[in-house]
Amino acid sequence: MRIVLLGAPGAGKGTLAKDLVGLFNVPHISTGDMFREAVASGSELGKQVQHILSSGALVPDEIVNKLVRERISRPDCKDGFILDGYPRTVQQASALDEMLKETGQKLDAVLYLRVSEDVVVKRLTNRRVCPKCGRIYNLLSMPPKNDELCDDCGIRLVQRDDDKEEVVRNRFKVYNEMTAPLIDYYKKKGTLVEVDAEADHQNTVQKAVEALKKVIA
Ligand code: ADP
Ligand code: ZN
């Protein structure tokens, strides 16, 4: 099962990906997580992308393409993957086509999570993550049981730098300019599956799974 998750920042790609992993048994590949890990570890790559991430701009295509090419060629991806946050530009989408063609593979579906900007800005500015286990919460729709502490680890949740309102607005601008054209790109290829992601998360998961089951059937 080779799936791409497409959608505005805050559409719920990361949370949905974690649910799909449990159902389809393929790895979740989040380029955003990979870059954040690189920054946290202080690696060469991390130093290169640190400023780009905190501004909400995009990492250059060549860097991302190289990272993904290496990642999807690992043995754990032989039966598929869930790509979250990649591709994000038309150039990346054609690079991915190339990579898959080389190994005789193809995408089963591009799941497009449709949400409006207002809903998303509200969601993102209320998003908190556990710095230890990575679990994602939302102070409005998916709050932790106690205060702002992780249910699993008991430590204080944090807000990502790029979830601050000003940066969120900029990420949206970048999304509209650079990533939204991919909706048409995949529509033309016939791989696009649209899911309304405005309702609560369980609802979105259910709709996404139904849509994917139709595709594989
Ligand atoms: P979001 O929550 O907006 O979907 P991600 O966690 O996917 O954000 O990514 C965080 C940041 O990492 C992006 O704002 C961007 O700077 C960088 N990034 C992640 N994936 C890509 C990509 N495919 N191309 C370019 N930059 C990327
Ligand atoms: Zn935790």
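Residues numbered from 1 in each chain as written. Chains lettered and ligands numbered in written order. Predicted model: local features only at pLDDT ≥ 70, side-chain atom pairs only at ≥ 80, totals over all residues. Heavy atoms only, no water.

According to UniProt, the feature "binding site: AMP" (unreviewed entry) maps to Thr-31, Arg-36, Ala-57, Leu-58, Val-59, Gly-85, Tyr-86, Pro-87, Arg-88, Gln-92, Arg-160 and Arg-171 in the numbering used here. The named residues occupy 141 residues along the chain; their greatest pairwise C-alpha distance, 24.9 Å, places them well apart from one another. Here Thr-31 shows up in helix H2 (residues 31-41). Classification of Thr-31 as buried rests on a relative accessible area of 3%. Mapping Gln-92 onto the fold places it in helix H5 (residues 90-102). Excluding residues within four positions of it along the chain, Gln-92 makes contact with Val-59, Asp-61, Val-64, Asn-65, Tyr-86 and Pro-87. A polar side-chain atom of Gln-92 sits 2.9 Å from a polar atom in the side chain of Asp-61. (UniProt positions renumbered as here; feature names shortened; annotations may be inferred. Helix = DSSP H or I, 4+ residues; strand = E, 2+ residues; numbered from the N terminus. Buried < 20%, exposed > 50% of the residue type's maximum accessible area, 1.4 Å probe, protein only. Contact = heavy atoms within 4.5 Å. Polar contact = N/O pair within 3.5 Å; in protein donor to acceptor, adjacent residues only side chain to side chain.)

Further remarks concern the sheet that holds strand E3 (residues 81-84). With parallel pairing, the five strands of this open sheet are ordered in space as E2-E3-E1-E4-E7. Each edge of the sheet is formed by a strand with only one pairing partner; in this case those strands are strand E2 (28-30) and strand E7 (192-196). Within this sheet the neighbouring strands show an average axis-to-axis angle of 20°, counted without direction. (Pairing = 2+ DSSP bridges. Axes fitted to C-alpha atoms, helices over the stretch in contact; angles between N-to-C directions.)

A separate point is the coordination of the zinc ion (ligand 2). Taken together, Cys-130 (SG), Cys-133 (SG), Cys-150 (SG) and Cys-153 (SG) make up the protein donors of the zinc ion (ligand 2), found 2.3 Å from the metal. Because the angles between the four donor atoms bound to the zinc ion (ligand 2) fall within 105 to 113°, the donor set is best described as tetrahedral. Donor residues for the zinc ion (ligand 2) sit on one chain with the sequence pattern C-x2-C-x16-C-x2-C. With a gap of 20 residues between them, Cys-130 in the loop between strand E5 (127-129) and strand E6 (136-138) and Cys-150 in the loop between E6 and helix H7 (165-179) connect regions that are remote in the sequence. Overall, the relative accessible area of 2% leaves Cys-130 in the buried class. (Donors = N, O, S within 2.8 Å, 3.2 Å for Na, K, Ca; no water. Tetrahedral: all angles 85-135°; square planar, octahedral: opposite > 155°, others 65-115°.)

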